[in-house]
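Spelled out, the chains give:
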Amino acid sequence: MRIRNELTVFFMSGLLLTGCASLPTNAVPLSDVDREALDFSLNNNVRLTNIGYRLVGSLPDQGQSHCTRNLPFAYGGLDPKWEAVYPLSRRHGVMVVDLLPDFSFLNLDLKRGDEILRFQGVPINSIAMLVTLLDNSCDVDWATMQFRRGEKIWDMRVPLISMPLPFFFVVTGKSAEATAELSGKNVIMVSSPLLHFVNGEDELAFVLAHEIAHSMMGHQRQLVSDEDANMANAVASGIAAGLLHKTPLSVPAFKAGVYSEKDEIAADGQAIHTMLASGYGPSSGFSFLKRVKIGIPSKARGSSYQGIHPISIDRLVILKKNLGNLGVVGTSSKSMIEAPSAAPSSASLWQRKFNADTMLGSVLNSGANPEKEGEITEMGLAEGVEGPQEDFKKGDKLVFPNTVERIFWHIRIQQKGFGSMEKFNAEWYDPSGNLYSKREFFFNFASTRAQSPLVLNLTQKESNVGRWRVRVTRGANVIDESYFFIKGEAPTKSVSSKSAVKSTSSRELKKIPESVPAVAVNQSGKSDFQNIPLGPVPGVEDNYRILKIKRVGVARSVETKDRGYQPNPIGMSDVFPVSVQRIGWFAEFTYGGQLKNAFSKNFEVEWFSPDGKLYRSESFSVENHAWYTWTSVWLDPALGSLAIGKWRVRVWKKEQLVDDRVFEITSDSSKSGA
Amino acid sequence: MTGIWQSKFVRLVVVSSIFCFLSGCETVSSNNVTQEEKKAMISELNAERTVYSQKNLKRVSTVGNRLLINVPDEAKHIKFSTEGKISGINAYADLNGDVVVTPEMLCFVRDDSELAAVLAHELAHIVKRHPLQTIGNRVVGKAAGMMIGSLAEKYAPGAGNSIAAYSSAVVSSPYSKEMEMAADAASLVYMQRAGFDVDAALRVWRRFSIEIPATRQNSIMATHPSSDERLAALTSLIAKMKGETSLENPK
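Residues numbered from 1 in each chain as written. Chains lettered and ligands numbered in written order. Predicted model: local features only at pLDDT ≥ 70, side-chain atom pairs only at ≥ 80, totals over all residues. Heavy atoms only, no water.

(A) Up close: the overall build of chain A. Of the regular secondary structure elements, chain A holds 16 helices and 37 strands. Of the contacts formed within chain A by residues at least 6 apart in sequence, a portion of 67% connects residues at least 24 apart. For chain A, the computed accessible surface area is about 27000 Å², with 51% contributed by carbon and sulfur atoms. (Helix = DSSP H or I, 4+ residues; strand = E, 2+ residues; numbered from the N terminus. Contact = heavy atoms within 4.5 Å. Areas by Shrake-Rupley, 256 points an atom, 1.4 Å probe, with all protein chains shown as cover.)

(B) Structural context of the overall build of chain B. Each helix and strand in chain B was counted, giving eleven helices and three strands. Its helices and strands in sequence order give chain B the pattern α-α-α-β-β-β-α-α-α-α-α-α-α-α, from N to C terminus. Sorting the 251 residues of chain B into buried and exposed places 43% on the buried side. The contacts of chain B with a sequence gap of at least 6 include a subset with a gap of at least 24, amounting to 60%. (Buried < 20%, exposed > 50% of the residue type's maximum accessible area, 1.4 Å probe, protein only.)

(C) Molecular detail of the sheet that holds strand β14 (residues 180-183) of chain A. Residue and element names in this part refer to chain A. Spatial ordering of the open sheet is given by β13-β15-β14, a layout of three strands whose pairing is mixed. Looking along the sheet, the strands with just one partner apiece sit at the ends: β13 (168-172) and β14. With direction set aside, neighbouring strand axes in the sheet form an average angle of 25°. Of the strand pairs in this sheet, β13 and strand β15 (residues 187-191) are connected by five bridges, and their pairing is parallel. Each residue of the ladder has a partner; that of Thr172, found in β15, is Ser191. Here helix α1 (residues 32-57) sits on the sheet and contacts β13 and β15; the angle it forms with β13, its principal contact strand, is near 150°. (Pairing = 2+ DSSP bridges. Axes fitted to C-alpha atoms, helices over the stretch in contact; angles between N-to-C directions.)

(D) Looking closely at the sheet that holds strand β32 (residues 582-589) of chain A. All names here are of chain A. Spatially, β28-β32-β35 is the arrangement adopted by the three strands of the open sheet, whose pairing is antiparallel. At either margin of the open sheet sits one strand with a lone partner, and together these are β28 (549-555) and β35 (628-634). Between one strand and the next, the sheet's axes are offset by a mean angle of 10°, whatever the strand orientation.

(E) Molecular detail of the confidence of the model for chain B. Residue and element names in this part refer to chain B. Here chain B shows a mean pLDDT of 77. Residues at 70 or above account for 68%. Every residue in residues 218-222 is under pLDDT 50, and counting partners more than four places away or in other chains gives eleven contacts. Between residues 245-251, whose pLDDT stays under 50, and residues either more than four places distant or in other chains, the model counts seven contacts. Across the interface, the model reports ipTM at 0.78; the global pTM reads 0.58. (pLDDT = per-residue confidence, 0-100.)

(F) Representation of helix α7 (residues 261-278) of chain A. Residues and elements named next belong to chain A. If you check α7, its first and last C-alpha atoms are 26 Å apart, about what 18 residues at 1.5 Å a residue would give, namely 26 Å. Buried residues dominate α7, accounting for 13 of its 18 residues. A positive phi of about 95° marks Gly279, the residue just after α7. (Expected span 1.5 Å × (residues − 1).)

(G) Here's a closer look at the packing of aromatic side chains. One pass over the structure, following the stated rule, counts 16 aromatic pairs over all chains. Here the aromatic rings of Tyr436(A) and Trp468(A) are separated by 4.8 Å at their centres, their planes lie at 75°, and the arrangement is edge-to-face. Here Tyr436(A), found in strand β23 (residues 435-443), pairs with Trp468(A), found in strand β25 (residues 466-474); they are 32 residues apart in sequence, far enough to count as distant. Judged by centre distance (6.4 Å) and plane angle (15°), the rings of Trp647(A) and Phe663(A) are stacked. Of the two residues, Trp647(A) is situated in strand β36 (residues 645-653) and Phe663(A) in strand β37 (residues 656-666); the sequence distance between them amounts to 16 residues. Cluster of aromatic residues (ring-pair linked, three or more members): Phe400(A), Trp428(A), Tyr436(A), Trp468(A) and Phe484(A). Taking the ring centre of Trp205(B) as reference, the NZ or CZ of Arg230(B) above it sits at 4.7 Å. (Phe/Tyr/Trp six-rings, centres within 6.5 Å; stacked < 30°, edge-to-face > 60°. Lys NZ or Arg CZ within 6 Å of the ring centre and 35° of its normal.)

(H) Just the nonpolar core, in detail. With 115 residues, the main nonpolar core has Phe288(A) and Leu67(B) as its most contacted residues. Take this core: its biggest share by element is eleven residues, from α1(A). Grouped together as the second largest cluster of nonpolar side chains are 29 residues, Tyr544(A), Leu547(A), Val552(A) and Trp652(A) included. (Core = buried A, V, L, I, M, F, W, Y, C linked by side-chain atoms within 4.5 Å.)

(I) Spotlight on the pattern of salt bridges. Tallied over the full model, the rule gives 30 salt bridges over all chains. The closest approach of N and O atoms between Arg47(A) and Glu201(A), which form a salt bridge, is 2.6 Å. Here the residue Arg47(A) occupies a position in helix α1, and Glu201(A) occupies one in helix α4 (residues 201-216), the gap between them amounting to 154 residues. Take Arg47(A): its relative accessible area is 26%, and that puts it in the partly exposed class. Salt-bridge contacts for Arg149(A) lead to Asp114(A); the nearest nitrogen and oxygen are separated by 2.8 Å. You can see Arg149(A) sitting in strand β10 (residues 142-149) and its partner Asp114(A) sitting in the loop between β7 (94-99) and β8 (115-119), a full 35 residues away along the chain. Judged by its relative accessible area of 24%, Arg149(A) falls in the partly exposed class. Relative accessible area serves as the criterion here: at 1%, Asp114(A) is assigned to the buried category. A single salt-bridge network, built from bridges that share partners, covers Asp111(B), Glu114(B), Asp197(B), Arg203(B), Arg207(B) and Glu211(B). (Salt bridge = Lys/Arg side-chain N within 4 Å of Asp/Glu carboxyl O.)

(J) Looking closely at the side chain of Thr82(B). As for its placement among the helices and strands, Thr82(B) is situated in the loop between β1 (80-81) and β2 (91-93). Classification of Thr82(B) by relative accessible area gives buried; the value is 7%.

(K) Main features of helix α8 (residues 283-295) of chain A. Residue and element names in this part refer to chain A. In this model α8 runs 18 Å from its N-terminal to its C-terminal C-alpha over 13 residues, within 8% of the 18 Å that 1.5 Å per residue would give. Within α8, twelve of the 13 residues are buried, which leaves the element mostly enclosed by the surrounding structure. Taken together, the buried positions of α8 are occupied by Ser283, Ser284, Gly285, Phe286, Phe288, Leu289, Lys290, Arg291, Val292, Lys293, Ile294 and Gly295.

(L) Focus on the confidence of the model for chain A. All names here are of chain A. Scored by pLDDT, chain A comes out at a mean of 69, with 63% of its residues at no less than 70. The least confident element of chain A, judged by mean pLDDT, is helix α11 (residues 333-338) at 26; the most confident is β8 at 92. Under a pLDDT of 50 for its full length, residues 387-392 has, in the predicted model, 22 contacts with residues more than four places off or in other chains. Long-range and interchain partners of residues 490-525, a stretch whose pLDDT sits below 50, account for 73 contacts in this model, where long-range means more than four residues apart.

(M) Focus on the pairing of β13(A). Burial analysis of β13(A) places five of its five residues in the buried class, the great majority of the element. Side chains Phe168(A), Val170(A) and Thr172(A) project from β13(A) onto one buried face, and the interleaved Phe169(A) and Val171(A) project onto a second face that is buried too.

(N) The environment of Asp636(A), seen in detail. The topology assignment puts Asp636(A) in the loop between β35 and β36. Considered as a pair, Asp636(A) and Arg582(A) are 54 residues apart in the sequence and their alpha carbons are 9.1 Å apart.

(O) Structural context of the packing of α1(A) against α4(A). All names here are of chain A. α4 packs onto α1 with a crossing angle of 60° between their chain directions and a minimal axis gap of 10 Å. With respect to α4, the element α1 is oriented oblique. Two packed elements cross with a definite hand, and for α1 against α4 that hand is right-handed. Contacts between α1 and α4 involve Arg47, Leu48, Ile51, Gly52, Leu55 and Val56 from the first element and Glu201, Leu204, Ala205, Leu208, Ala209 and Ile212 from the second. Residue classes in the contact of α1 with α4 are distributed as nine nonpolar, one polar and two charged. (Parallel < 35°, antiparallel > 145°, perpendicular 65-115°, else oblique. Left-handed = near helix turned anticlockwise from the far one by under 90°. Nonpolar A, V, L, I, M, F, W, Y, C, P; charged D, E, K, R; others polar.)

Right under this line is the structure:
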């Protein structure tokens, strides 16, 4: 079979570019190797793009002039010759390559090969057109897109990712060299051999972060010698042209060759900050560069990694010093704790993985997990995992306040994951290294998610402060081993009567509609809201219209349906039995009511117990493109009869009152329907 | 004051200090890195290089020496190395006739059987004297490169050497397809005799073909072209081998 060696798969994962697989000539059927080469290329473009998006997403906002939007899935345009594999109707259509793992929680009903027909009603004929439309979508958070799968054509609203800078990540199979380089200003190309040379995702993240830094800093590659310059001149001008026309070649050399040591050092410095901010272990950059320095011959110039990115002793020394300043190499326990504080507030969205150097997060490399690697789509720690479908994690993070009552280890797998009723073991070790709790839990055959809680003793809050470890096993296999931190700083508002006084602060005097009564404790020790009817406090409904809230209420749990766009409250009511363990407040927004810049924790909820005291108060965030939000409170069984009566929940968005409602916990089973 | 300056010793000290400062006697580089820091880093690298090299060499030698047991006597002297001047996923016979495997190749192979396939392939080239047979190509290539280089130098002053090297590489093509397939066939025999899984040969070359499609074309980029034809021949050979009870006593 004759094989053409050319760039053929035009791929764009967030943006596109080159392809990796060689193609057979026209009319030659694709071999299995061809198909596997295509899959290899597409899968690794998705992998790179996911890492790249996380890195770019952590960069500082570049302002409106750099506003750019992207899709939460990889997309690309394939050469028509691949129609045997992905039968696109157009010869230059744009297809969905895959969902990005970090955005799997969106549950978009898309799969590889789906064709993108329209974006906001505009027909899509090429990737360039789609990119242009995305670039002009700064003012919207959602786009209505039309897709085709076989005969089926459907419209779907797709959340748009906000990216500080546009970068495109591509795997190339054109060289046996393990290398990476910046092509143009924002296309980062990684050779497939480098994927084998790197030791884990953190090292790969360093490679990408380093190239991103070169681009951000405007670094130019320099020619290393006159000989190279002349070679570049000759090639640039065209040797044949020179020979034929007998014209001395005198065009200026094009920019090729290596970066200067100064630029390399600067790019390393920026890269480790980007990595830290996006949840990768920056010290892996140091180990990677050392291994390149040791393993790849320094005389191997040209397109090798060292050929493009020279690794001097000074560079290694400075990188090591910079890592020490960040507190990630040979650090004290103090700096270990401080390391994650540099992380962005988008932690709730990006699935965060730290390596052992940062001392928080999973210490298992993905390759070290013997449990069906690739089928685990999500794993981590959170304050809550809600709903039967458990699509929404509350407070997914690695640092928790010591006021938190429960911390969940959770896992999500693809459909064909573990078998039904698989048994897991979770061991929780306290800061002293002692086994604090050990639980068995099961993977329900009906669910793709499982979780196990750590229940903390809040009467010993101070002793809970420190670095904890959770180890989850299935049989002899370790599924996860993660470190997290419980910090001792005071909550925004403590659970005390003092807070109840605070609830009548100037803030609410300013913003609460006059018709809404304030919370106050009367002489009998009961709150005066005991006389307010159940449901929304009169007058607060006006806020729903202002904030474009479609539906709001309290419920036991919330699941999502219709591909995750609609919240489905479970046990929504104004009356709950005394046996209830958890009650949640939720709000569903109308189209256009999504909240921008929502990574910041700009929402606050206050739960008032029947005695009028503030039982629980906390901040919570609404994801950038969320269509609903949800927060909950765990009721302490020790409350006993004190829990019976009318409760009040009040939610704020900064200074704006969002909702204020009264519900009841009752021992009367007929009333509660229990 | 003038009297002090007239002292030879003082003048010597002052001038030496200035000279030392200007001539690089300083202990801090322009990057603010001290000599001590550099020395420490070099020591750290040397220590790690020793461990890294020994680990790689041990792995390659263990597999390679197992293969050597069953190769013809004239090839039993062959040594294995992991340190050469070529980078990338590669393995080759160096000027001493020894087999060099790059660290990138060691990362690429998934197990010892795949490594054995790579080593056995190179051993087969040496046993079959392929490097010697391609010397002619190299000489012609070198000569052609020099001619083109000198011509280029005339029209693109300074570019001659580089163009000569490039042209030389183009003309001195790697092993022919026939040589590669012959080496494959022999390598399977070496592997089977040494007790390695012969399917690993197909796995590793097939993956090479999938992940670096550029190597599927005979070009100067492909020192080991892994064409579909070659993979098909490997598949056929392996199937045939598995159908035989012993290579020494074929049916």
